[in-house]
Number of protein chains: 2
Amino acid sequence: TIYTVTPTYTRLVQKAELTRLSQTLLHVPSLHWVVVEDSPVKTSLVSELLKRSGLRYTHLCTQTPKDFKLQEGDPNWLKPRGVEQRNLALQWLRENRGPSDEGVVYFADDDNTYSLRLFEEMRFTKRVSVWPVGLVGGVRFERPLVERGQVTGFYTAWKPNRPFPMDMAGFAVSLPLLLANPAARFHLSAQRGNLESSLLQALVSIEELEPRASNCTKVLVWHTRTEKPKMKQEDALLLKGLGSDPSVEV
Amino acid sequence: TIYTVTPTYTRLVQKAELTRLSQTLLHVPSLHWVVVEDSPVKTSLVSELLKRSGLRYTHLCTQTPKDFKLQEGDPNWLKPRGVEQRNLALQWLRENRGPSDEGVVYFADDDNTYSLRLFEEMRFTKRVSVWPVGLVGGVRFERPLVERGQVTGFYTAWKPNRPFPMDMAGFAVSLPLLLANPAARFHLSAQRGNLESSLLQALVSIEELEPRASNCTKVLVWHTRTEKPKMKQEDALLLKGLGSDPSVEV
Ligand SMILES: O=c1ccn([C@@H]2O[C@H](COP(=O)(O)OP(=O)(O)O)[C@@H](O)[C@H]2O)c(=O)[nH]1
Ligand SMILES: O=c1ccn([C@@H]2O[C@H](COP(=O)(O)OP(=O)(O)O)[C@@H](O)[C@H]2O)c(=O)[nH]1
Ligand SMILES: [Mn+2]
Ligand SMILES: [Mn+2]
């Protein structure tokens, strides 16, 4: 089973993002979607979408502590995003899966783009498998460098001295490894860029990483980001009490 | 058959966009994807992607005339986008399909988000079927207004006086109607916002529009747009001759 962990939060494009991601995942055999809302309650938008998705899923929620939550107007990179949501998914796995369960855990943000081949690459992961990520870190792609089948370093331009200079989309972890290391988790307090490392340092060394995607030469996942839609006319109409019908879900 | 016409052009996110759109379309029965590149030649990126997609498709190309092509730095709305590409698809349909062929034609940009239900709503279109579009025109959604099963007007805030104030994603046209009106096409010279109208005025009147999606009360398609990825580090590396390996396709 591929446990695909997706943190998500309420915003105008949320339903669109989850809709297209669910369509991708629906092509993947033996997948279990763990969707964790950054919210104090499970919203009906996400609940209904999951119910209709045709996917096997678990729906959780936990709100990011206020001090760590991005505020309107903050640049995106100011605070880590989706941290406690991913940790709640880890907790759920530890409470609901045991030594006899096989599987791999992948952290799939709601806005990235995933090829179907990616999921086949990660399916057989002993400890931690890795591959390139497109359109991230200010370069066309970041990737692990591989020599004779072993990861020896990383191609990355941004903060190359990070312990594991990889994006969240660039690795998957075996479920047994996570269960065997019950303290491994993401650290809210990790320095900018070190969130991935805060989990991985508790699980593997660089030499143990398992390169996938033809020795990390193929881009099978893209760190796409969706524009925030402009609501100029809507805001103007709202001021006049003429906003669009709020009973229509978007 | 649903002929889904997608204009597309070379840019960093192109492969990501076409990848996730192809995954959506792969769920839709009896679909034929007409992909038209804005390029003087068919690129290998798009050719290979189509070959591997598992979809029934036709691959065409035509370059937007230079005077009408957006230049680096132009705001997006300055010029119409994808016009001659969609017209080439119409020409292909007229040359390769005949009076005995049933079908419906939908213009699906490569960056929007489509629910699967949308395709079932359009499948049986007599002339032109219509529905709401989310996240467009500066409002949460635009939509046709329906009274007793008939379209009587439109909810839209931007240029409400357009003949058909609808986005490209908000309608589908029956193939026989297109074949019966061989001069109907998109006009490169249409005023901003009137591109859709330039086709539709040659095909139907507002009273003839067929409302779908529960009398145009459900949003089943979203006008999402993908951020242009920042390539700050890549540009700096390129100046030093150290850009990322160009043989890796992104
Ligand atoms: O306040 C927030 C912001 C983001 N996210 C989720 O965390 C993940 C990463 O966020 P985002 O894509 O905005 O960050 P990026 O890595 O693109 O900068 C996504 O799945 C978001 O839905 C969240 O749960 N709460
Ligand atoms: O120079 C261009 C710009 C855009 N497009 C295509 O035309 C459609 C509409 O463009 P875009 O999504 O950029 O416009 P929007 O409606 O979002 O402003 C998309 O399928 C693009 O891939 C194109 O073929 N050539
Ligand atoms: Mn993201
Ligand atoms: Mn678009």
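Here, the structure is the one placed above.
These figures come from a predicted structure and were not determined experimentally.

The next thing to look at is the coordination of the manganese ion (ligand 3). Every protein donor of the manganese ion (ligand 3) is listed here as Asp111(A) (OD) and Asp111(A) (OD), and their distances to the metal cover 2.1 to 2.6 Å. With respect to the helices and strands, Asp111(A) occurs in the loop between strand 4 (104–107) and strand 5 (113–114).

Next up on the list: the site of ligand 2. All names here are of chain B. Of all residues adjacent to ligand 2, which total 15 residues, the nearest are Pro 7, Asp 38, Asn 76, Arg 81 and Asp 111. In this structure, Arg 81 approaches ligand 2 through a side-chain N or O atom, which is 2.8 Å from an oxygen atom. Relative to its unbound accessible area of 520 Å², ligand 2 is 92% covered by the protein chains. Tallied by class, residues from the shell around ligand 2 come to two nonpolar, four polar and nine charged.

Moving on, we get to the relation of the copies chain B and chain A. The two copies are related by a screw motion: chain B maps onto chain A through a turn of 180° and a shift of 0.0 Å along the axis, at an RMSD of 0.0 Å. On the angle and the small slide along the axis, the relation comes out as a two-fold axis. Distance from the rotation axis, computed per C-alpha, reaches its smallest value in chain B at Thr226(B): 2.2 Å.

Here we come to the pattern of salt bridges. Residues and elements named next belong to chain A. Counted according to the given criterion, the structure contains 28 salt bridges over all chains. Across the pair Asp 110 and Arg 11 runs a salt bridge, and its minimum N-O distance is 3.0 Å. On the criterion of sequence distance, the pair formed by Asp 110 in the loop between strand 4 and strand 5 and Arg 11 in the loop between strand 1 (2–8) and helix 1 (14–25) is long-range, its members being 99 residues apart. Residue classification places Asp 110 among the buried residues on the basis of a relative accessible area of 6%. The exposure class of Arg 11 is partly exposed, given its relative accessible area of 21%.

What follows is about the side chain of Thr6(A). Residues and elements named next belong to chain A. By the element assignment, Thr 6 lies in strand 1. Residue classification places Thr 6 among the buried positions, given a relative accessible area of 0%. One polar contact links the side chain of Thr 6 to the main-chain carbonyl oxygen of Ala 108, over a distance of 2.8 Å. The residues touching Thr 6, leaving out its near neighbours within four places in the chain, are Leu 18, Leu 21, Trp 33, Val 34, Val 35, Val 36, Ala 108, Asp 109 and Asp 110.

It is worth spelling out the sheet that holds strand 4 of chain A at this point. Consider a sheet: its strands pair through backbone hydrogen bonds, and that pairing is either parallel or antiparallel. Residue and element names in this part refer to chain A. In space, the seven strands of this open sheet follow the order 3-2-1-4-10-6-11, with mixed pairing throughout. Whereas interior strands pair on both sides, the edge strands pair on one side only; in this sheet they are strand 3 (56–61) and strand 11 (210–211). Both strand 6 (residues 128–130) and strand 11 contribute to a ladder of two bridges, which runs parallel. For Val 130, the partnering residue across the bridge sits in strand 11 and is Pro 211.

Before going further, it helps to examine the sheet that holds strand 4 (residues 104–107) of chain B. Residue and element names in this part refer to chain B. Taken in spatial order, the seven strands make up an open sheet running 3-2-1-4-10-6-11, and their pairing is mixed. What marks the edges here is a single partner per strand, and that holds for strand 3 (56–61) and strand 11 (210–211). Strand direction decides the pairing type here: strand 1 (residues 2–8) and strand 4, joined by four bridges, are parallel. Across the sheet, Tyr 3 pairs through a bridge with Val 105, a residue of strand 4. Against the sheet, helix 2 (residues 44–53) makes contact with strand 2 (31–37) and strand 3, and its axis sits at roughly 170° relative to strand 3, the strand it touches most.

Turning our eyes to something else, we now look at the packing of helix 1 of chain A against helix 2 (residues 44–53) of chain A. Residue and element names in this part refer to chain A. One can describe the packing of helix 1 onto helix 2 by two numbers: an axis separation of 11 Å at closest approach and a directional angle of 20°. Between helix 1 and helix 2, the angle falls in the class roughly parallel. Note on packing geometry: the crossing formed by helix 1 with helix 2 is right-handed. Along the contact surface, helix 1 presents Gln 14, Lys 15, Leu 18, Thr 19 and Ser 22, while helix 2 presents Leu 45, Val 46, Leu 49 and Ser 53. Among the residues making up the contact of helix 1 with helix 2, the classes are represented as four nonpolar, four polar and one charged.

Okay, the interface of chain B and chain A next. Counting residues at the interface gives 48 residues for chain B and 48 residues for chain A. Both faces considered, chain B and chain A share a buried interface measuring about 4,200 Å² in area, 60% of it formed by carbon and sulfur atoms. One can count two salt bridges joining chain B with chain A. Put simply, Glu227(A) and Arg225(B) hold a salt bridge, and the shortest N to O gap is 3.3 Å. At the surface where chain B touches chain A, the tally comes to 25 residue pairs in polar contact (both at pLDDT 80 or more). Broken down by secondary-structure element, the contributors of at least two residues to the side of chain B that touches chain A are helix 1 (14–25), strand 5 (113–114), strand 7 (133–136), strand 8 (139–147) and helix 8 (232–239) of chain B. Per-class residue counts for the side of chain B that touches chain A are 21 nonpolar, 16 polar and eleven charged.

Turning our attention to the pairing of strand 10 (residues 171–174) of chain A. Residue and element names in this part refer to chain A. Burial of the side chains of strand 10 extends over both faces: Phe 171 and Val 173 are buried on one face and Ala 172 and Ser 174 on the other. Taken together, the three bridges between strand 4 and strand 10 define a ladder with antiparallel strand orientation. Counted as the bridge partner of Val 104 is Ser 174 from strand 10. Here strand 6 pairs with strand 10 via three bridges, running antiparallel.

To continue, consider the site of ligand 1. Residue and element names in this part refer to chain A. Near ligand 1, the surroundings consist of 15 residues, among which Pro 7, Asp 38, Asn 76, Arg 81 and Asp 111 are the closest. Within the side chain of Asp 38, an N or O atom sits 2.8 Å from a nitrogen atom of ligand 1. Asp 111 is positioned such that a nitrogen or oxygen atom in its side chain is 2.8 Å from an oxygen atom of ligand 1. Considering only residue class, the shell around ligand 1 consists of two nonpolar, four polar and nine charged.

Calculation rules
In every chain, residue numbers begin from 1 and rise along the written sequence. Starting at A for chains and at 1 for ligands, labels are handed out in the order in which the entities are written. A pLDDT threshold of at least 70 governs which residues receive local features in this predicted model, and a stricter bar of 80 or more applies before side-chain atom pairs are shown or counted, although totals over entire chains, interfaces and linings include all residues. In computing side-chain properties, one takes all heavy atoms of the structure into account and sets aside hydrogens as well as water. Donor atoms are limited to N, O and S found within 2.8 Å of the metal ion, a distance that becomes 3.2 Å for Na, K and Ca. With water left out, some sites might look partial. Each helix corresponds to a stretch of at least 4 residues labelled H or I by DSSP, and each strand to a stretch of at least 2 residues labelled E; elements are numbered beginning at the N terminus. A single heavy atom is enough: if one lies within 4 Å of a molecule or strand, its residue is considered near that molecule or strand. Whenever two N or O atoms come within 3.5 Å, that pair is a polar contact, provided that in protein one can donate a hydrogen and the other can accept it, and provided that, for residues adjacent in sequence, both atoms are side-chain atoms. Using a 1.4 Å probe, accessible areas were evaluated by the Shrake-Rupley method; residue-level cover was limited to the displayed protein chains. Note on residue categories: nonpolar means Ala, Val, Leu, Ile, Met, Phe, Trp, Tyr, Cys or Pro, charged means Asp, Glu, Lys or Arg, and polar means any other residue, Gly included. Least squares is used to superpose the copies, and the fit set is the C-alpha atoms of residues whose pLDDT is at least 70 in both copies. Salt bridges, as used here, are contacts in which a Lys or Arg side-chain nitrogen is within 4 Å of a carboxyl oxygen on Asp or Glu. Think of it in three bands: with a 1.4 Å probe and only protein chains considered, a residue is buried below 20% of the maximum accessible area for its type, exposed above 50%, and partly exposed in between. Contact definition: two residues touch when any of their heavy atoms are within 4.5 Å. Here, a strand pair is defined by DSSP locating no fewer than two bridges between the strands. Each axis is a line fitted through C-alpha atoms, taken for helices only over the stretch in contact, and angles between the N-to-C directions span 0 to 180 degrees. Here the word oblique covers every angle except those under 35 degrees (roughly parallel), over 145 (roughly antiparallel) and from 65 to 115 (roughly perpendicular). By definition, turning the near helix anticlockwise from the far helix through less than a right angle yields a left-handed crossing, and turning it clockwise yields a right-handed one. When two components associate, each loses some accessible surface as probed by a 1.4 Å sphere; the sum of these losses over both components is called the buried area.

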